[in-house]
Amino acid sequence: LQGIFVLGLPYALLHSGYSGLLLIVLAAALCCYTGKILIACLYEEYEDGQLIRVRDTYEDIANACCKKLSPSLGGIVVNVTQVVELIMTCILYLVVSGNLLSHSFPYVPVTEKTWSVIAFVTLLPCVFIRTLKIVSKLSQLCSLVHFVIVLVVITYCLTQMHQWSWAKFRLSLEFEDFSVSVGVIIFSYTSQIFLPTLEGNMKNPGEFRCMLNWTHFFACVLKTTFALTAFLTWGEKTKEVITDNLPSFLETLVNLCLLTKALLSYPLPFFAATEIVYSCISKGNHSNYRSPLFALTVRGSFLLLTLLMAMFTPHFALLMGLSGSVTGAAMTFLLPSLFHLKLKWKKLSFLEKCADISVFILGFLCSLAGIVCSIKGLLEVFG
């Protein structure tokens, strides 16, 4: 999903001005921090000072925090939140794919929903994906395509340097516009859902923190460069998806690259969502629930669900914004800081406690602002 949000960063700068540049850096630092404290919750320190990984998933962390209240309540809440966010992400990829195909081939007499069905057909092999290794290879290709898209846009913008002007930046801000910018910028960094699995599959988990530092640093540099050059090029004419500002010949090329990226991105959230549901169902001793046929049925059902919701959900963008404000903020800011405070309270310094509490408050405010704006938008649409 990061690639989709990155294309909206120049539009976010249009509404946030200089504060948007600061926010891109701040969001990188905060998301990197919450990623580290989330992984810290997977470990316990023994008397000899050795760290042992005693939990494997986000669900295990939640259950450990809520075990006095209910042994499985925390895990249920986290799993439902994760699945909702992941499924909404999959649906967004299908909607975006239909939109991109429609814009790339405007002379073909096919509706946008039909294009989404065509994109869905190419995703049918996803039901046969069993391991994260296949997903990781597809994600590598996705990253390569993403780099090509960003490179094309930045290169074109650099050819227009003669018309750049810092006077295009806004100094005054409006609450609703700024809230939209906050959502786009913050959620372009979110990856906490995948971090426990990623860290658990690393050959050397001890390098996780270093990896997280460098990836967020380079993401911050790339996103700042991309957003700044694009906004300086188009200024007040900057559109919600920056590729719509490109000349027609480049727009078609980039749209096809975006389509490839969307289709390659789909397997990761799809695989993660189906694995969560399948593992929850198959925890019992029922052998039927652990059969390959049942796993195939679960994946097929989820695949069909994403298509049906992409086809028939009205005002999906607003619903996605509402869902993202609730689930995205919870998984990225609220829960990691809350769980870290709960599990590590006695071993945290005063500054670490202040940092966790500050992140929680900031995440709550961002979530509240996003919810208010999304609900207001839905009321205006249905009103």
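Relevant structure appears above.
Thresholds, definitions, all that
- Residues numbered from 1 in each chain as written.
- Predicted model: local features only at pLDDT ≥ 70, side-chain atom pairs only at ≥ 80, totals over all residues.
- Heavy atoms only, no water.
- Helix = DSSP H or I, 4+ residues; strand = E, 2+ residues; numbered from the N terminus.
- Contact = heavy atoms within 4.5 Å.
- Lys, Arg positive; Asp, Glu negative; His and termini not counted.
- Charge placed at Lys NZ, Arg CZ, Asp CG, Glu CD.
- Patch = residues over 30% accessible without salt bridge, like charges linked within 9 Å, V, L, I, M, F, W, Y side chains within 5 Å.
- Areas by Shrake-Rupley, 256 points an atom, 1.4 Å probe, with all protein chains shown as cover.
- Salt bridge = Lys/Arg side-chain N within 4 Å of Asp/Glu carboxyl O.
- Phe/Tyr/Trp six-rings, centres within 6.5 Å; stacked < 30°, edge-to-face > 60°.
- Buried < 20%, exposed > 50% of the residue type's maximum accessible area, 1.4 Å probe, protein only.
- Core = buried A, V, L, I, M, F, W, Y, C linked by side-chain atoms within 4.5 Å.
- Expected span 1.5 Å × (residues − 1).
- Axes fitted to C-alpha atoms, helices over the stretch in contact; angles between N-to-C directions.
- Parallel < 35°, antiparallel > 145°, perpendicular 65-115°, else oblique.
- Left-handed = near helix turned anticlockwise from the far one by under 90°.
- Nonpolar A, V, L, I, M, F, W, Y, C, P; charged D, E, K, R; others polar.

### A look at the overall build of the chain
Next, step 1: Each helix and strand counted, the chain has 15 helices and 2 strands in total.
Next, step 2: Taking the principal axes of the C-alpha coordinates as reference, the chain spans close to 65 × 50 × 45 Å.
Next, step 3: Once local pairs closer than 6 in sequence are excluded, the contacts in the chain between residues at least 24 apart make up 78%.
Next, step 4: Seen as two clouds, the 26 positive and the 22 negative side-chain charges of the chain have centres 5 Å apart.

### Notes on a positive patch on the surface
Next, step 1: Residues Lys67, Lys68, Lys342 and Lys346 make up a contiguous surface patch of positive charge.
Next, step 2: With respect to the helices and strands, Lys67 occurs in the loop between α4 (58–65) and α5 (73–104).

### What about the packing of aromatic side chains?
Next, step 1: Applying the stated criterion across every chain, the model contains 7 aromatic pairs.
Next, step 2: For the pair Trp214 and Phe218, a centre-to-centre distance of 5.6 Å together with 25° between the ring planes defines the contact as stacked. Taken together, the residues span about one helical turn, with Trp214 and Phe218 both in helix α10 (residues 208–234) at a distance of 4 residues.
Next, step 3: Classification of Trp214 by relative accessible area gives partly exposed; the value is 48%.

### With respect to a nonpolar patch on the surface
Next, step 1: Residues Ile357, Ile361, Phe364, Leu365, Leu368 and Val372 make up a contiguous nonpolar surface patch of about 540 Å² in total accessible area.
Next, step 2: As for its placement among the helices and strands, Ile357 is situated in helix α15 (residues 350–382).
Next, step 3: You can call Ile357 partly exposed: its relative accessible area is 40%.

### Structural notes on the nonpolar core
Next, step 1: Ranked by size, the top nonpolar core spans 50 residues in total, and within it Ile149, Phe169, Ile185, Tyr189 and Phe226 carry the most contacts.
Next, step 2: Of all elements in the fold, only α2 (9–16), α3 (18–40), α5, α6 (112–122), α7 (132–158), α8 (175–186), α10 and α11 (248–265) reach the threshold of two or more residues within this core.
Next, step 3: Here this core gets 8 residues from one element, more than from any other, and that element is α10.
Next, step 4: Residue contacts for Ile185: discarding those within four places in its chain leaves Leu9, Ala12, Gly20, Leu23, Ile24 and Ala27.
Next, step 5: One finds Leu38, Ile39, Ile129 and Leu212 within the second-largest nonpolar core, a separate group that totals 49 residues.

### So, α7
It helps to recall that an α-helix has 3.6 residues per turn; residues three or four apart then point in one direction.
Next, step 1: Its 27 residues give α7 an end-to-end C-alpha distance of 38 Å, which sits within 8% of 39 Å, the value for a rise of 1.5 Å per residue.
Next, step 2: By the burial criterion, the buried members of α7 are Val135, Cys142, Val145, His146, Ile149, Val150, Val153, Ile154 and Cys157.

### A short note on α4
Next, step 1: When you tally the buried positions in α4, you get 7 out of 8 residues, the bulk of the element.
Next, step 2: Those residues of α4 that fall on the buried side of the exposure criterion are Tyr58, Glu59, Ile61, Ala62, Asn63, Ala64 and Cys65.

### Quick look at the pattern of salt bridges
Next, step 1: Applying the stated rule across the entire model yields 3 salt bridges.
Next, step 2: Note that Glu44 and Arg55 form a salt bridge whose closest N and O atoms lie 2.7 Å from each other. Here Glu44, found in strand β1 (residues 43–45), pairs with Arg55, found in the loop between β2 (51–53) and α4; they are 11 residues apart in sequence, far enough to count as distant.
Next, step 3: Between Arg53 and Asp56 there is a salt bridge, and its shortest N-O distance comes to 3.0 Å.
Next, step 4: Of the residues examined, Asp56 reaches a relative accessible area of 48% and is grouped as partly exposed.
Next, step 5: The network of salt bridges with shared partners includes Arg53, Asp56 and Glu199.

### Some remarks on the packing of α2 against α10
Next, step 1: For the pair α2 and α10, the least separation of the axes is 8 Å and the interaxial angle reads 70°. By the angle class used here, α2 and α10 are roughly perpendicular. Between α2 and α10 lies a crossing of right-handed hand. Within the contact between the two elements, α2 uses Leu9, Pro10, Leu13 and Leu14 and α10 uses Lys223, Phe226, Ala227, Leu228, Ala230 and Phe231.
Next, step 2: Classifying every residue of the contact of α2 with α10 by side-chain character gives 9 nonpolar, no polar and 1 charged.

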